[in-house]
Amino acid sequence: MVELLIRLKFTLGRHGSVGTRFFSLVMIALGVGLTWYLAVAASSDQVRSGLLMLALAVWASGWVLGPTITNGVGVLRAQYFTLLPLDRDRVGAGLLVTAFVGLGPLLTLVATATVAWHAWASDPATLFLGLLGMMALLVFMVSLSRLVFRALGVAMHSRIGMEIASLQWGLIVAGLFFGWMAVQPAFSAVSSLSREGLQGTVLTVVSAVPTSWPVLAVDAAAAGSWGAAFGWLGALGALTLVTVLVTVRLLAPSVAPRGVRRRSRPLGSRVLLGGRSLLPDTPLGAVVGKELRQWWRDPWRGLELRAALWTGLIIGVIGLIGQLPEVAPFAGVMALLVIGMGGANMYGHDGTALWLTVVGQGRDTLRADVRGRQIAFALLAGPSTVVLSVLAVVASGAGWAVPYVVSSLVVFLGVAAGLSILLSVVAVTPGVDPHLRVDANDAGDNQLQVWITLFAMPVLSSPTIGALVWAGVQGVPWLAVPVALANGSLAAWLLGRTAHLRLEKRLPETFTRIRYGKDVAAQAVPRSGGGLLDQLERGALSTNVDTKPTGS
């Protein structure tokens, strides 16, 4: 069975995104080179020990975050095998074994071989400890990677778990925006680190990380403390064994129900129901109410919103403690940008529920559906980012930034509400249906939408940006607020109109994309030519990855 699973993994990888795999391998190869440089260029055994502990901790972090960032590309998912008559624990063990096959684990093994090099350079008699340590490290890192990836999916079934997953995503996205602030000093300090090594609190902290234990074992054996050496190595072995057993159990397919029975109505839904409802008794009001409930109740929808707010908060903190205090007041603006990225696959989040719209389509059904989603998006994203912006401005004491923040929030809210719904229609990418989701990123791949949003939002907001520059130079930045209001309103209306007209024209094709995957949907898209929307649809079909097996 293991051989079959490995073949399935390679088949899955061949049908994944070539660009994502290539970028990942390049980054891993660069990490291997840097790790060996630190090991070879270290001025002493003590310096090498500290540098290797830091490098191995970074490797473990990469393994933990990598599958989440790449949307689980190349990962065999347990739910693929739920209905097969196989022993579940055996399937879980087989899925874990497949994680050790590939260039990624091979290059990681080359990197962990620096532990054996450290042992040989410190005392050749400790080489066997270094060899055992490097193998245990590889097993620990890969098992921990699959454990975290799967545990995030399990955690998504609780509010606390969803908040933890949101915080992790917030850290990742904030690092992608401003991680260079930490990376640049680190690269500039590489030469000095090879001479002086780690000092003080940093060394104490990395020494406590489990990936440092084989290095500590080698150091203890080289100093003659063989009991301590075997203690460190035994502790890593025991932790690795526990990690493997827990991972195998989590990877085992499960047919347990996704949720638990509610005893009361969810918080926040009372204002949408009954005689006291604040929403009109119209198709538009129904869509707004449905969308507000879904953003609140669906963990995978909520993850997009909360991760964006965490991203803005973390960016604001980075600005306050870093070298960019001008960034801190715009924490809410950055959060709104990320919300626009996360909301650009709303129809993909709904899954095959679009079938209800197909069979119940009336004259104004699709207009109400699109406008209702836009209104709900604005009601959720607007107040939350305003609160975050107020906190950021007060914390930073940057009163000068208030008109700039207000103008940016107004225009970004309108542009994001329009652009997200348009991309949700044109570049929709299916995920696992909501009631069948298991992993944290089962809601669908939206990498193309993310990149388009990142570049299109500033372009579509350019009238407001130009007005802000002019008004700021004139000393009257508040004059840009009316321009931002007009810019955002026009963008929301025009992009929303384009979305519902496109949906009216290609509603069956959109449902086909969600239900049967891109291989079937590609047959209904012109192979060349067409307008900009057709090109975007072809780009989504060729770029985004389906996160579920296609239907039949």
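Residues numbered from 1 in each chain as written. Predicted model: local features only at pLDDT ≥ 70, side-chain atom pairs only at ≥ 80, totals over all residues. Heavy atoms only, no water.

### Comments concerning the overall build of the chain
The following threshold applies: The helix and strand labels rest on DSSP assignments: H or I over at least four residues marks a helix, E over at least two residues marks a strand, and numbering proceeds from the N terminus. Residues are treated as being in contact if the distance between any of their heavy atoms lies within 4.5 Å. For the accessible areas, the method is Shrake-Rupley and the probe is 1.4 Å, while residue cover comes only from the protein chains on display.
Helix and strand counts for the chain come out as 24 helices and zero strands. Pairs at least 24 apart in sequence give 82% of the contacts found in the chain among residues at least 6 apart. With an accessible surface of roughly 25500 Å², the chain has 69% of that area assigned to carbon and sulfur atoms.

### A short note on the pattern of salt bridges
Test applied: The salt bridge definition used is simple: a Lys or Arg side-chain nitrogen within 4 Å of an Asp or Glu carboxyl oxygen. Think of it in three bands: with a 1.4 Å probe and only protein chains considered, a residue is buried below 20% of the maximum accessible area for its type, exposed above 50%, and partly exposed in between.
Counted according to the given criterion, the structure contains 11 salt bridges. Glu291 is the salt-bridge partner of Arg373, the closest N and O atoms lying 3.2 Å from each other. Placement of Arg373 in helix H18 (residues 365-396) and of Glu291 in helix H13 (residues 283-297) is noted, with a sequence separation of 82 residues between them. For Arg373, a relative accessible area of 3% puts it in the buried group. The residue Asp350 makes a salt bridge to Arg301 at a minimum N-O spacing of 2.9 Å. Residue Asp350 is located in helix H16 (residues 346-350), and its partner Arg301 is located in helix H14 (residues 299-321); the two are separated by 49 residues in the primary sequence. Grouping residues by exposure puts Asp350 and Arg301 together as buried. Salt bridges sharing partners connect three or more residues here, namely Lys290, Glu291, Arg301, Asp350, Asp369 and Arg373.

### Examining the packing of helix H15 (residues 331-342) against helix H19 (residues 402-426)
Condition: Here, axes are lines fitted to C-alpha atoms. For helices the fit covers the stretch in contact, and angles between N-to-C directions go from 0 to 180 degrees. Note on angle classes: values under 35 degrees are labelled roughly parallel, values over 145 roughly antiparallel, values of 65 to 115 roughly perpendicular, and the remainder oblique. Throughout, the ten residues Ala, Val, Leu, Ile, Met, Phe, Trp, Tyr, Cys and Pro are labelled nonpolar, Asp, Glu, Lys and Arg are labelled charged, and all others, Gly among them, are labelled polar.
Orientation of H15 relative to H19, taken along the N-to-C sense of each, is 5 degrees, at an axis distance of 9 Å. As the angle between them shows, H15 and H19 are arranged roughly parallel. Where H15 approaches H19, its residues Gly332, Val333, Leu336, Leu337 and Gly340 are matched on the opposing element by Val405, Ser408, Leu409, Phe412, Leu413, Ala416 and Ser420. Class assignment for the residues of the contact of H15 with H19 results in eight nonpolar, four polar and no charged.

### Some words on the nonpolar core
We apply this condition: Nonpolar core, defined: a set of buried Ala, Val, Leu, Ile, Met, Phe, Trp, Tyr and Cys residues in which side-chain atoms within 4.5 Å join the residues together.
In terms of nonpolar packing, the biggest core is built from 57 residues, with Tyr347, Phe377, Val405, Phe412, Met457 and Leu503 touching the most fellow members. It is H19 that provides the largest number of residues to this core, a total of 13 residues. If near-sequence neighbours (up to four positions away) are discounted, Val405 is found in contact with Pro329, Phe330, Val333, Ser389 and Val393. Listed in part, the 29 residues of the second largest apolar core include Leu52, Trp63, Leu137 and Leu216.

### Quick notes on the environment of Ala376
Among the structural elements, Ala376 can be located in helix H18. Each C-alpha atom, one on Ala376 and one on Leu292, is 5.8 Å from the other, the two residues being 84 residues apart in sequence. Those residues within four positions of Ala376 in sequence are excluded, and the remaining contacts are Val288, Glu291 and Leu292.

### Description of helix H5 (residues 103-122)
Stated precisely, the cut-off is as follows: A helix is expected to span 1.5 Å for every residue after the first.
Here H5 is 20 residues long and its end C-alpha atoms lie 29 Å apart, about the 28 Å a rise of 1.5 Å per residue gives. For H5, every residue scored as buried is listed here: Gly104, Pro105, Thr108, Ala111, Thr112, Ala113, Thr114, Val115, Ala116, His118 and Ala119.

### What to know about the packing of aromatic side chains
Note the cut-off: Under the pairing criterion, centres of Phe, Tyr and Trp rings, with the six-membered ring standing for Trp, must be within 6.5 Å; the plane angle then separates stacked pairs below 30 degrees from edge-to-face pairs above 60, leaving the rest tilted.
Going through the model one piece at a time under the given rule, you end up with eight aromatic pairs. Relative to Trp117, the ring of Trp36 lies with its centre 6.4 Å away and its plane at 55 degrees, an arrangement referred to as tilted. Of this pair, Trp36 sits in helix H2 (residues 18-41) while Trp117 sits in helix H5, placing them 81 residues apart in sequence. Given a relative accessible area of 25%, Trp36 falls into the partly exposed group. Its relative accessible area of 34% is what places Trp117 among the partly exposed residues. With 6.1 Å between their ring centres and 5 degrees between their planes, Phe128 and Trp226 make a pair best called stacked. With Phe128 in helix H6 (residues 127-155) and Trp226 in helix H12 (residues 226-251), this pair connects stretches of sequence that are 98 residues apart.

### A word on the side chain of Asn446
Secondary-structure assignment places Asn446 in the loop between H19 and helix H20 (447-460). Residue classification places Asn446 among the buried residues on the basis of a relative accessible area of 15%. Aside from chain neighbours lying at most four places away, what touches Asn446 is Met341, Gly342, Asn345 and Asn544.

### Structural notes on the environment of Gly237
Locating Gly237 in the fold gives a position in helix H12. Take Gly237: its relative accessible area is 33%, and that puts it in the partly exposed class. For Gly237 and Leu137, which are 100 residues apart along the polypeptide, the C-alpha to C-alpha distance reads 8.9 Å.

### Topic: the confidence of the model for the chain
Note the following rule: Each residue carries a pLDDT score, the predictor's confidence in it, ranging from 0 to 100.
Confidence in the prediction of the chain, expressed as mean pLDDT, is 82, and 85% of residues score 70 or more. Confidence scores differ between elements of the chain, with helix H8 (residues 180-188) showing the lowest mean pLDDT of 54 and H19 the highest of 94. Within the model, pLDDT remains below 50 along residues 257-262, and this stretch shows seven contacts once partners closer than five positions in the same chain are excluded.

### Quick look at the packing of H13 against H18
Which entries qualify depends on this criterion: Two helices that cross are described as forming a left-handed crossing if the nearer one is turned anticlockwise from the farther one by less than a right angle, and a right-handed crossing if clockwise.
Between H13 and H18, whose axes approach to 8 Å, the crossing angle comes to 45 degrees. Classed by the angle they form, the pair H13 and H18 counts as oblique. The handedness of the crossing between H13 and H18 comes out as right-handed. The residues of H18 that touch H13, namely those facing Pro283, Leu284, Val287, Val288, Lys290, Glu291, Leu292 and Trp295, are Ala368, Asp369, Arg371, Gly372, Arg373, Ile375, Ala376, Phe377, Leu379 and Leu380. Of the residues that constitute the contact of H13 with H18, the class distribution is 12 nonpolar, one polar and five charged.

### As for the environment of Leu107
Within the secondary structure layout, Leu107 lies in helix H5. On a C-alpha basis, the gap between Leu107 and Leu25 in space is 8.8 Å, while along the polypeptide they are 82 residues apart. When near neighbours in sequence (up to four residues on either side) are disregarded, Leu107 contacts Leu25, Ile28, Ala29, Val32 and Trp59.

### What about H14?
An α-helix turns once every 3.6 residues. As a result, residues three or four positions apart point the same way. Quick reminder of the rule: Nitrogen and oxygen atoms within 3.5 Å of one another constitute a polar contact, given that in protein one can donate a hydrogen and the other can accept it, and given that sequence-neighbouring residues count only through two side-chain atoms.
Helix length check: H14, at 23 residues, gives a terminal C-alpha distance of 32 Å against a target of 33 Å (1.5 Å per residue), a fit within 8%. Where H14 starts, the residue carrying a side-chain oxygen 3.1 Å from the main-chain nitrogen of Trp300 turns out to be Asp298.

### Let's talk about a nonpolar patch on the surface
Defined as follows: Like charges within 9 Å and nonpolar side chains (Val, Leu, Ile, Met, Phe, Trp, Tyr) within 5 Å are joined into patches, using only residues over 30% in relative accessible area that form no salt bridge.
A cluster of nonpolar residues, Phe22, Phe23, Val26, Met27 and Leu30, forms a patch on the protein surface that exposes about 540 Å² of accessible area. Its place among the elements puts Phe23 in helix H2. We classify Phe23 as exposed; its relative accessible area is 54%.

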